[in-house]
Amino acid sequence: MNAAEQPLLPLCRRLRDARRAKGMTQSELAGQVGCQQSAISMLEAGRMEALARPTVEKMAALLGVDLDTEPARDALPSATGSGRGFCPNGDCPSNVPFAIGGELIFWPRRQPVEGGRHCAFCGEVLERVCRQCGAPATEGACCATCGTPRVPPPPLGDSDLDHWAETRRRCIADWRALHAQ
Ligand SMILES: [Zn+2]
Ligand SMILES: [Zn+2]
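Things to note about the overall build of the protein
Each helix and strand in the protein was counted, giving five helices and four strands. Listing every helix and strand of the protein by position from the N terminus yields α-α-α-α-β-β-β-β-α. Relative to its full complement of 181 residues, the protein shows a buried share of 40%. A separation of at least 24 residues holds for 60% of the contacts in the protein among residues at least 6 apart in sequence.

Take a look at the structure:
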């Protein structure tokens, strides 16, 4: 009966602001995520159903917008990222891959580091800073300071990256569905 709780800034607004901050047009963004410019326009106007969720995730990864904060959650340790880390393992289900411009980019799910510094999914030691420049790891697939991807891609040989990423995302969705029980 109650309306859903409104986060401070709706996702559509944050995506739009992030795109503008990067100096990208809707058409450029549409080209990179593989959708129509009109869909981006609708999405930014608040019609989230204009794009399929995987496309929204790809867009968020590209723009450095954290989908994990959607909807807004309370009681997060801090917004600076100091209390959360990410898993540097490309094969870990906490990292969602996207094939963008011929490379694999991983969107890490940040995890709380209190009570153990290890990834809850694969046991790898969580990282809290950029391995390239040492800046604290905040949200996003790449370091906000130097642009280095958080998660190095695993060696894939001649694999079709798009196909690999898509298959992988499906596995991760299944895996999470199982573990959410
Ligand atoms: Zn992991
Ligand atoms: Zn960096």
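Having seen it, we continue.
A closer look at the coordination of the zinc ion (ligand 2)
Expected angles at a metal are 109.5 degrees for tetrahedral coordination by four donors and either 90 or 180 degrees for octahedral coordination by six donors. Protein-derived coordination of the zinc ion (ligand 2) comes from Cys130 (SG), Cys133 (SG), Cys143 (SG) and Cys146 (SG), at a distance range of 2.3 Å. Coordination at the zinc ion (ligand 2) is tetrahedral: its four donor atoms span angles of 106 to 114° at the metal. The sequence pattern describing where the donors of the zinc ion (ligand 2) fall on their chain is C-x2-C-x9-C-x2-C. Of the two residues, Cys130 sits in the loop between strand 4 (111-112) and helix 5 (161-179) while Cys146 sits in the loop between strand 4 and helix 5, which places them 16 residues apart along the sequence. Judged by its relative accessible area of 36%, Cys146 falls in the partly exposed class.

Focus: the coordination of the zinc ion (ligand 1)
Distances from the zinc ion (ligand 1) to its protein donors, namely Cys87 (SG), Cys92 (SG), Cys119 (SG) and Cys122 (SG), fall within the range 2.2 to 2.3 Å. For the zinc ion (ligand 1), the four donor atoms are set out with angles of 99 to 115° between them, so the coordination reads as tetrahedral. Positions of the donor residues of the zinc ion (ligand 1), expressed as sequence spacing, correspond to C-x4-C-x26-C-x2-C. Placement of the pair is Cys87 in the loop between strand 1 (84-85) and strand 2 (95-100) and Cys122 in the loop between strand 4 and helix 5, with a sequence separation of 35 residues.

As for the confidence of the model for the protein
When the pLDDT values of the protein are averaged, the result is 81; 86% of them are 70 or greater. Across the protein, element-level confidence peaks in helix 2 (residues 26-33) with a mean pLDDT of 93 and bottoms out in strand 4 with 86. Confidence drops under a pLDDT of 50 for residues 1-7, and excluding neighbours within four residues, the segment shows two contacts in the predicted structure. Contacts for the low-pLDDT stretch residues 71-81, under 50 throughout, to residues beyond four places or in other chains number nine contacts.

Points about the pairing of strand 3 (residues 103-108)
Within strand 3, five of the six residues are buried, which leaves the element mostly enclosed by the surrounding structure. Sheet topology places strand 2 next to strand 3; six bridges connect them, and they run antiparallel. What sits directly across from Asn95, in strand 3, is Pro108. From the end of strand 2 to the start of strand 3, which pair antiparallel, there are two residues, and Gly101 there has a positive phi angle of about 55°.

Side note on helix 5
In this model helix 5 runs 26 Å from its N-terminal to its C-terminal C-alpha over 19 residues, within 8% of the 27 Å that 1.5 Å per residue would give. The elements touched by buried residues of helix 5 are helix 4 (53-63), strand 2 and strand 3. Capping of helix 5 at its N-terminal end is provided by Asp160; its side-chain oxygen lies 3.0 Å from the backbone amide nitrogen of Asp162.

Points about the packing of aromatic side chains
This structure, assessed with the given rule, holds two aromatic pairs. Note on Phe106 and Trp164: the rings are 6.3 Å apart at their centroids and 75° apart in plane angle, and the pair reads as edge-to-face. On the criterion of sequence distance, the pair formed by Phe106 in strand 3 and Trp164 in helix 5 is long-range, its members being 58 residues apart. Taking 5.4 Å as the distance between ring centres and 45° as the angle between the ring planes, the aromatic pair formed by Phe121 and Trp175 counts as tilted. Pair noted here: Phe121 is in the loop between strand 4 and helix 5 and Trp175 is in helix 5, with a separation of 54 residues, a long-range link.

Brief notes about the environment of Val56
As for its position among the elements, Val56 is in helix 4. The class of Val56 is buried, set by a relative accessible area of 2%. Distance from Val56 to Ile40, taken between C-alpha atoms, is 9.5 Å for residues 16 residues apart in sequence.

Cut-offs and rules
Residues numbered from 1 in each chain as written. Chains lettered and ligands numbered in written order. Predicted model: local features only at pLDDT ≥ 70, side-chain atom pairs only at ≥ 80, totals over all residues. Heavy atoms only, no water. Helix = DSSP H or I, 4+ residues; strand = E, 2+ residues; numbered from the N terminus. Buried < 20%, exposed > 50% of the residue type's maximum accessible area, 1.4 Å probe, protein only. Contact = heavy atoms within 4.5 Å. Donors = N, O, S within 2.8 Å, 3.2 Å for Na, K, Ca; no water. Tetrahedral: all angles 85-135°; square planar, octahedral: opposite > 155°, others 65-115°. pLDDT = per-residue confidence, 0-100. Pairing = 2+ DSSP bridges. Expected span 1.5 Å × (residues − 1). Polar contact = N/O pair within 3.5 Å; in protein donor to acceptor, adjacent residues only side chain to side chain. Phe/Tyr/Trp six-rings, centres within 6.5 Å; stacked < 30°, edge-to-face > 60°.

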